[in-house]
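Descriptive structure summary
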Amino acid sequence: MWRILIISLIALALIVVVRILFPFPVSPITVAAEPLPGLVIPGINLPITNSLLTTWIAMVLLIGFALWAGRNLKPIPTGKQNAAEMLVEGLYGLVESIAGPKWAPSFFPTVTTIFLFVLVSNWIDLLTPILAAVGFTEHGEIIPILRSPSTDLNFTLGLALISVVLTQYYGIRSNGLLTYLGRFINLKGIVRFFRVLTGKEKGNAFGALFMGLIDFYMGLVEIVSEVAKIISFSFRLFGNIFAGEVLLLVIPFLLSFLVPLPFLGLETFVGLIQAFIFAVLTLAFMSMATVVHGGSEHAERAAATPDNVSV
Amino acid sequence: MDINSARLLASGLAIGLGAIGPGIGIGLLVNGALQSIGRNPEAQGSIQINMFIGIAFAEAVAIYALVVALILMFVIS
Amino acid sequence: MQALGISPNLLITQIVNFIILLVVLRLLLYKPVLNMLHSRRQKIQESLEYAERVKAEAAEQQKEFERKLEETRRETQAAAAAAAQVGEKEREAILNQAREDARKLVEQAKEQIEYERKKMMADLRDEVVRLSLLAAQKVIGQSLDDQAHRQLVSEFIAQADQLPANGHNGH
């Protein structure tokens, strides 16, 4: 017991002394992912950034897992197959509980892939204190070779775009193009105003105009909220994981021994939650888009779906 | 105060002040969710999912503050 | 945009990455596992249905068996009853036979006895005739005409027979 304590204290003192005597270069905290020097795919002018490289590693990990767990499936599962089945079955149950049995098979692959991809890239972020120290040195600063994809806006924005575009696609597929567009450019109330004005329909012309304008305005708000979705999706993930990375980089500078552990635990949790939120929000938006919106009861619609809250 | 210090100060203030509202909001949300789980433990699954969705909406506001802070920090110079 | 590190090339690359991952995972993980789960669910369903069917069949067989058992028991009982009836009849027949035989024997014996008695009676009558003849001869000392004599005695006996019968009605 005492021996362990003494050894620990000596190690701690050594680390502090080494840090003071040989200050090794630290990676700067940058929002943009750094391109690895000299690595450019020429034809399309694509600089290979450290986060792109890590994205590929995450993909390889996931595909490796799929190859390892998804092969030789037997009716009576063992070990790895149990893990794969638990994962797939649990996620499918979640998708089905939100989207219902009709749309679950369509939503499941996208939602699950988002969850797994984001989860792996979030958890790669846990290695930041190690990753940040491995890289090329340039002007006394380190360019790390690896960097969690979730701390690269290209990655999160790409996922957000896929999520929102697929939401529109499923909305159109389920409601038809005109009905779905009617949600954004809502002319029903104004048409009703003209019908009232020309006497084809009974009612208060002023009230009809007022309601029609409100409906039209709400449609415009929905357009804004669709665009805001992209921003909030991408910056939510980016902000959370980037903040976690900064935290994990800064804490070891304050005290590099034992203290970072609780933060690593916190970041594990945050990574899981963020992956979950990204997937579940995508799922929720998709299921909302597939629900047919009827009538001009904007009050009911506003109460039933939170999607005109600017997200 | 030169422009750089103003920029840094604004950036800090943006995220700091912007986080207050969402913080309160998330607190209220989780409060409500936990109370409902306490009253009706069978509904835990759906309450949790809806809680997370609500938290995400509340957090979006903090994210706007974060975006503004990042823009102040890195884009405007 | 540039300062935040967003560049169209990288953005498109990331989207392509995601699509590749989606396709590969769908092919390698989701489809096989979901198919496996589906087929297992089906198999379990089938097994349950089969078990249910077998159980129903077993119950049916049990009922059938009990029905047969009951039938057999009833048949056995009927057979036993019939056998008992036959035995009873047999017994009755034997008894009747025996009774008949006994009656016949008694009858025969009676006939015999009657015959003997009649014979003895006849003998006795002859003897009486002879003796009375003899005695009469002796007493009278002279012999009657034998023919007349005999008639006389016979008449006497007939008269005697006409006297109140001693036990033998009609004789």
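Coordinates for the structure precede this section.
Within each chain, residues carry numbers counting from 1 in the order of the written sequence. For this description, chains carry letters from A and ligands carry numbers from 1, given in the order in which they are written. Note on the predicted model: pLDDT of at least 70 is required for a residue's local features to be given, and 80 or more for side-chain atom pairs to be given and counted; whole-chain, interface and lining totals, by contrast, use all residues. Side-chain numbers come from the whole structure's heavy atoms, not from hydrogens or water.

So, the overall build of chain C
- Runs of E in the DSSP output that reach at least two residues are strands. Runs of H or I that reach at least four are helices, and both are numbered from the N terminus. A count of helical and extended segments in chain C gives two helices and zero strands.
- Seen through its C-alpha atoms, chain C measures out along the principal axes to roughly 200 × 25 × 15 Å.
- Counting the 171 residues in chain C, one finds 15% classified as buried.
- Accessible surface computed for chain C: about 13,900 Å², of which carbon and sulfur atoms make up 59%.
- Here Asp and Glu are counted as negative and Lys and Arg as positive; His is not counted, and neither are the chain ends. Positions of charges follow a simple convention, taking NZ of Lys, CZ of Arg, CG of Asp or CD of Glu. With 25 positive and 26 negative side-chain charges, chain C shows a spacing of 15 Å between the two charge centroids. Three labels apply to residues, based on accessible area from a 1.4 Å probe with only protein chains included: buried if under 20% of the type maximum, exposed if over 50%, partly exposed otherwise in between. Accessible surface is estimated by sampling points in the Shrake-Rupley manner with a 1.4 Å probe; for residues, cover comes only from the protein chains shown.

Let's talk about the packing of helix α3 (residues 79–124) of chain A against helix α9 (residues 260–290) of chain A
All names here are of chain A.
- Orientation is described by lines fitted to C-alpha atoms, with helices fitted over the stretch in contact, and by angles between N-to-C directions that extend from 0 to 180 degrees. Between α3 and α9, the least distance of the axes is 8 Å, while the angle of their chain directions is 150°. Here α3 is positioned roughly antiparallel relative to α9, judged by the angle of their axes. Between α3 and α9 the crossing geometry is right-handed.
- When residues are grouped by polarity, Ala, Val, Leu, Ile, Met, Phe, Trp, Tyr, Cys and Pro land in nonpolar, Asp, Glu, Lys and Arg in charged, and all others, Gly among them, in polar. When grouped by side-chain class, the residues that make up the contact of α3 with α9 number 21 nonpolar, eight polar and no charged. In these notes the angle categories are as follows: under 35 degrees is roughly parallel, over 145 is roughly antiparallel, 65 to 115 is roughly perpendicular, and the rest is oblique. If you view the pair so one helix is near and one far, a crossing is left-handed when the near helix is turned anticlockwise from the far one by less than a right angle, and right-handed when it is turned clockwise.

Quick word on the interface of chain C and chain A
- The interface is formed by 30 residues belonging to chain C together with 45 residues belonging to chain A.
- We count a salt bridge whenever a side-chain nitrogen from Lys or Arg sits within 4 Å of a carboxyl oxygen from Asp or Glu. Scanning the region where chain C abuts chain A turns up one salt bridge.
- For Glu85 of chain A, the salt bridge identified is with Arg40 of chain C, shortest N-O distance 2.7 Å.
- Taken together, the residues of the side of chain C that touches chain A break down into 20 nonpolar, six polar and four charged. The contact definition used throughout considers only heavy atoms, calling two residues in contact when any of these lie within 4.5 Å.

What about the interface of chain B and chain A?
- Residue-level contacts link 13 residues of chain B with 22 residues of chain A.
- The term buried area refers to how much accessible surface (probe radius 1.4 Å) is lost by two components on association, counted for both of them together. Taken together, the two surfaces of chain B and chain A that pack against each other cover about 1,500 Å², and 85% of this comes from carbon and sulfur.
- The tally of links from chain B across to chain A stands at one salt bridge.
- As a salt-bridge pair, Arg236 of chain A and Glu59 of chain B come within 3.4 Å of each other at their nearest N and O atoms.
- Under the rule applied, a polar contact is a pair of N or O atoms within 3.5 Å (in protein, one hydrogen donor and one hydrogen acceptor; residues adjacent in sequence only if both atoms are side-chain atoms). Here chain B is connected to chain A by three residue pairs in polar contact (both at pLDDT 80 or more).
- Along the lines of polarity and charge, the residues of the side of chain B that touches chain A split into 12 nonpolar, no polar and one charged.

With respect to the nonpolar core
- For this analysis, a nonpolar core means a set of buried residues of the types Ala, Val, Leu, Ile, Met, Phe, Trp, Tyr and Cys, connected via side-chain atoms within 4.5 Å. By size, the foremost hydrophobic cluster in this structure holds 82 residues, and its most contacted members are Phe107, Phe115, Phe117 and Phe235 of chain A.
- Going through the elements one at a time, α2 (50–69), α3, α5 (153–175), α8 (205–254) and α9 of chain A, α2 (20–39) and α3 (44–75) of chain B together with α1 (8–140) of chain C are the ones with two or more residues in this core.
- Looking at this core, the element that brings in the most residues is α3 of chain A, giving 20 residues.
- Excluding residues that lie within four positions of it along the chain, Phe115 of chain A makes contacts with Leu91, Leu272, Ala275, Phe276 and Ala279 of chain A.

Considering the pairing of strand β2 (residues 46–49) of chain A
Residues and elements named next belong to chain A.
- The pairing criterion for strands is at least two bridges between them, as found by DSSP. The pairing of strand β1 (residues 35–41) with β2 spans three bridges and is classified as antiparallel. Its bridge partner being in β2, Ile41 is matched across the sheet by Leu46.
- What sits between the antiparallel neighbours β1 and β2 is a turn of four residues, in which Asn45 has the positive phi angle 55°.

A closer look at the packing of aromatic side chains
- Any pair of Phe, Tyr and Trp rings, taking the six-membered ring for Trp, is counted once the centres come within 6.5 Å. Such a pair is stacked with planes under 30 degrees apart, edge-to-face with planes over 60 apart, and tilted for the rest. The full count for this structure, using the stated rule, is 17 aromatic pairs over all chains.
- Ring geometry for Phe108 of chain A versus Tyr30 of chain C: centroids 5.2 Å apart, planes at 65°, classification edge-to-face. Placement of the pair is Phe108 of chain A in helix α3 and Tyr30 of chain C in helix α1, with the two residues belonging to separate chains.
- An angle of 85° between the planes, with centres 5.8 Å apart, marks the rings of Phe233 of chain A and Phe285 of chain A as edge-to-face.

Topic: helix α6 (residues 177–184) of chain A
- All buried positions along α6 of chain A are accounted for by Tyr180, Arg183 and Phe184 of chain A. Down the axis of α6 of chain A, the buried set is contained in an arc of 100°. They therefore lie on one face. When we speak of the arc, we mean the arc of directions from the helix axis to the C-beta atoms.

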